[in-house]
Amino acid sequence: MQSMKRLAAVICLGAMVAFSFAADAEEARWLGAVEAVSIATEAYIFGYPLVTFDMVRRQQTNVAAPDAEHAPMGQMIRMRSYPSVDNHCCAAPNADTLYTEAWLDVSKEPWILGIPDMGDRYYIVPMLDGWSEVLKVASSPTTGGKAQTYAITGPGWSGALPKGVTQVKSPTGMVWVLGRIYCTGTPEDYKAVHALQDKFTLVPLSAYGKPYSPPPGSVDPGVDMETSVRKQVNEMDIDDYFATLAKLMKTNPPTAQDAPIVARMARIGLVPGQDFDPSKLGFLDLEVIKMVPKLALLEMGLHLKRQKTTNGWLYFTKGVGNFGTDYLLRGMANLLGPGWNRPQDAVYPLSQKDADGDDYNGAGHNYVMRFEKGRMPPAEAFWSLTMYDTDFFFVPNPINRYDLGQRNTFITNPDGSVDLYIQADSPGKEKEANWLPAPKGKFDLVLRIYAPRKAPPSILDETWTPPTVKPVQ
């Protein structure tokens, strides 16, 4: 945060020059302006997951009835295929699972989620609160494949639940049920997963055990359904951002552990349960905090660059999913993409530079990622390597292949190793099975490891690490 404070001082100094005509009485408040920028930047980063989650919710629920990628509040979104290449709602989608999700408002009453018998099919259904904290994970490794029923209850709720229902307590009214079901992508497997998706149930507690038809959703024509969530959030001015954050905190309050930052936010007019009150700030304070979104986004971006990498890969084996008071890590994670799993459930190594330390660029550059014999990613469920553009969306390509992974049949080298060819043009028919198409421009790579192995070799204890991605002539 020291760099943030230094930048805040620079911004304030520049604003002082620009507003040199101000009266002496107002100039005397400039020390307050420096602190106002510092607090406002902290508040922006603190609120980033909540504002981002709400923007995702708005886009995904702004329909009258469910369709391929949306559903009203309190109804299941059953995506029947991998996200399309032009789907720019949530960054870093995967092409391994069929999303089966829902947005809930549990501030008025609990909702009952029914997960069917999944057999031996891999699935994971994390339930997240509005601050992006994982509340509960139902999955093949954690809760098994038998049918399960959960009651997700909101802040302060008390009451009796039906027999056989497991309570999941949410400190926020907003809850995202972000389910994923593994699918190989064949027509037969799509059909099998669709049948499982159709057996998921979701009803309010008052309707549990009774006939229930969900009401139609309300459509707000003012919601931008095309522009990506990240772009919409990042382009909000500070007044709109803080007004939105204040509104959301009325039903999604901070927790007791957030008390120090809550006290600091009150000094700039952000009080949970109340509308944003900019009168707490002086005229010059209000002017300088206009730069806070750029400052906060820069700080989160710099935090990403500061992270340790291994063989050119950045990944987390603790801290994410349950962030606690590490607001900068939480903000940075949601800047990359909302809806992180806990490391014990899935690890997502990210690589933005090759073995020489240069940005990936498919224009005139080819790359190879080699897995030595017996050193494929150690996943109990599955692994995959996904190609993204620099905004973390799928890259269009002539063979419609967005990832390579465990379901692929690879060509093996004589010594048992496997080379993955990461490049814009085909490496030749004899190698095309191992080809991950790249754009003729910059790109990023994400390696997914679902249900990472606990015993060595494991990415969790770094007895296994992702190999480097090397440029080749």
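Data block above holds the structure.
Residues numbered from 1 in each chain as written. Predicted model: local features only at pLDDT ≥ 70, side-chain atom pairs only at ≥ 80, totals over all residues. Heavy atoms only, no water.

Attention now goes to helix H5 (residues 187-197). Taken together, the buried positions of H5 are Asp189, Tyr190, Val193, Leu196 and Gln197. Looking down the long axis of H5, one finds its buried residues gathered within 120° of arc, a one-sided arrangement. Exposed and facing more than 90 degrees away from the buried side of H5 are Pro187, Glu188 and Lys191. Lining the buried residues of H5 we find strand E1 (77-78), strand E2 (97-105) and strand E8 (174-182). (Buried < 20%, exposed > 50% of the residue type's maximum accessible area, 1.4 Å probe, protein only. Helix = DSSP H or I, 4+ residues; strand = E, 2+ residues; numbered from the N terminus. Arc of directions from axis to C-beta. Contact = heavy atoms within 4.5 Å.)

Another point: the packing of helix H10 (residues 292-306) against helix H11 (residues 327-336). The contact between H10 and H11 brings their axes to 9 Å, and the two run at 95°. Viewed along their axes, H10 and H11 adopt a mutual orientation that is roughly perpendicular. Contact residues: H10 offers Leu297, Glu299, Met300, Gly301, His303, Leu304 and Arg306, while H11 offers Leu328, Leu329, Gly331, Met332, Leu335 and Leu336. Partitioned by chemical class, the residues of the contact of H10 with H11 number 8 nonpolar, 3 polar and 2 charged. (Axes fitted to C-alpha atoms, helices over the stretch in contact; angles between N-to-C directions. Parallel < 35°, antiparallel > 145°, perpendicular 65-115°, else oblique. Nonpolar A, V, L, I, M, F, W, Y, C, P; charged D, E, K, R; others polar.)

Quick look at the sheet that holds strand E12 (residues 366-371) now. Spatial ordering of the open sheet is given by E16-E15-E12-E18, a layout of 4 strands whose pairing is mixed. At either margin of the open sheet sits one strand with a lone partner, and together these are strand E16 (435-437) and strand E18 (469-472). Within this sheet the neighbouring strands show an average axis-to-axis angle of 30°, counted without direction. Of the strand pairs in this sheet, E12 and strand E15 (residues 418-423) are connected by 5 bridges, and their pairing is antiparallel. (Pairing = 2+ DSSP bridges.)

The subject of this paragraph is helix H8 (residues 259-266). Regarding H8, the residues found buried are Ile261, Val262 and Met265. Down the axis of H8, the buried set is contained in an arc of 105°. They therefore lie on one face.

Taken in spatial order, the 5 strands make up an open sheet running E1-E2-E8-E4-E5, and their pairing is antiparallel. A strand with exactly one partner marks an edge of an open sheet, and here the two such strands are E1 and strand E5 (134-139). In terms of strand pairing, E2 meets E8 through 9 bridges, oriented antiparallel. Opposite Leu98, over in E8, you have Ile181 as the bridge partner. Each of E1, E2 and E8 is contacted by H5, which is oriented at about 20° to E2, the strand it contacts most.

Sizing a probe to match a water molecule and rolling it over the atoms shows the empty space that remains. What the rule picks out here adds up to 1 cavity of 30 Å³ or more. Along the wall of the largest cavity there are 14 residues; nearest its centre are Ala91, Val229, Arg230, Gly337 and Pro338. For the lining of the largest cavity, the secondary-structure elements that each account for two or more residues are helix H3 (30-61), helix H6 (229-234) and H11. No other element matches the 3 residues that H11 contributes to the lining of the largest cavity. Class assignment of the residues belonging to the lining of the largest cavity gives a composition of 9 nonpolar, 4 polar and 1 charged. (1 Å grid on protein atoms, 1.4 Å probe; cavity = no way out; pocket = protein on both sides within 12 Å on 5 of 7 lines; lining within 4 Å. Points joined across faces, edges and corners; volume = space filled by probe spheres on them.)

Right, let's get into the packing of aromatic side chains. Going through the model one piece at a time under the given rule, you end up with 25 aromatic pairs. Ring centres of Tyr122 and Tyr450 lie 5.9 Å apart, and the angle between their planes is 70°; on these two criteria the pair is classed as edge-to-face. Of this pair, Tyr122 sits in the loop between strand E3 (111-115) and strand E4 (123-129) while Tyr450 sits in strand E17 (residues 444-452), and the two are 328 residues apart along the sequence. A relative accessible area of 10% means that Tyr122 is categorised as buried. Here Phe242 and Phe276 contribute two aromatic rings whose centre-to-centre distance is 5.5 Å and whose plane-to-plane angle is 65°, an arrangement assigned as edge-to-face. You can see Phe242 sitting in helix H7 (residues 238-248) and its partner Phe276 sitting in the loop between H8 and helix H9 (283-288), a full 34 residues away along the chain. Just as Phe242 is buried, Phe276 falls in that class too. In textbook terms, an aromatic cluster arises when at least three aromatic residues are bridged by ring pairs, as seen for Tyr122, Tyr182, Phe316, Trp340, Tyr348, Phe382 and Tyr450. (Phe/Tyr/Trp six-rings, centres within 6.5 Å; stacked < 30°, edge-to-face > 60°.)

What follows deals with the environment of Ile422. Mapping Ile422 onto the fold places it in strand E15. Given the relative accessible area of 0%, Ile422 is considered buried. Here the alpha-carbon distance between Ile422 and Asn366, two residues 56 residues apart in the chain, equals 6.2 Å. Setting aside chain neighbours within four positions, we find Ile422 in contact with Asn366, Tyr367, Met369, Leu385, Met387, Leu436, Phe443, Leu445 and Val469.

Looking at where Arg342 falls in the secondary structure, it is placed in the loop between H11 and strand E10 (346-347). Within polar-contact distance, the side chain of Arg342 engages the side chain of Asp345 at 2.7 Å. Those residues in contact with Arg342 that lie beyond four places of it in its chain are Val134, Val137, Thr142, Val320, Gly321 and Asn322. (Polar contact = N/O pair within 3.5 Å; in protein donor to acceptor, adjacent residues only side chain to side chain.)

So, about the pattern of salt bridges. For the structure on display, the rule yields 20 salt bridges. In this structure, Glu42 engages Arg264 in a salt bridge whose closest nitrogen and oxygen atoms are separated by 2.7 Å. Taken as a pair, Glu42 in helix H3 and Arg264 in helix H8 lie far apart in primary sequence, 222 residues in all. For Glu42, a relative accessible area of 17% corresponds to the buried category. Arg264 sits in the partly exposed class, given a relative accessible area of 27%. (Salt bridge = Lys/Arg side-chain N within 4 Å of Asp/Glu carboxyl O.)

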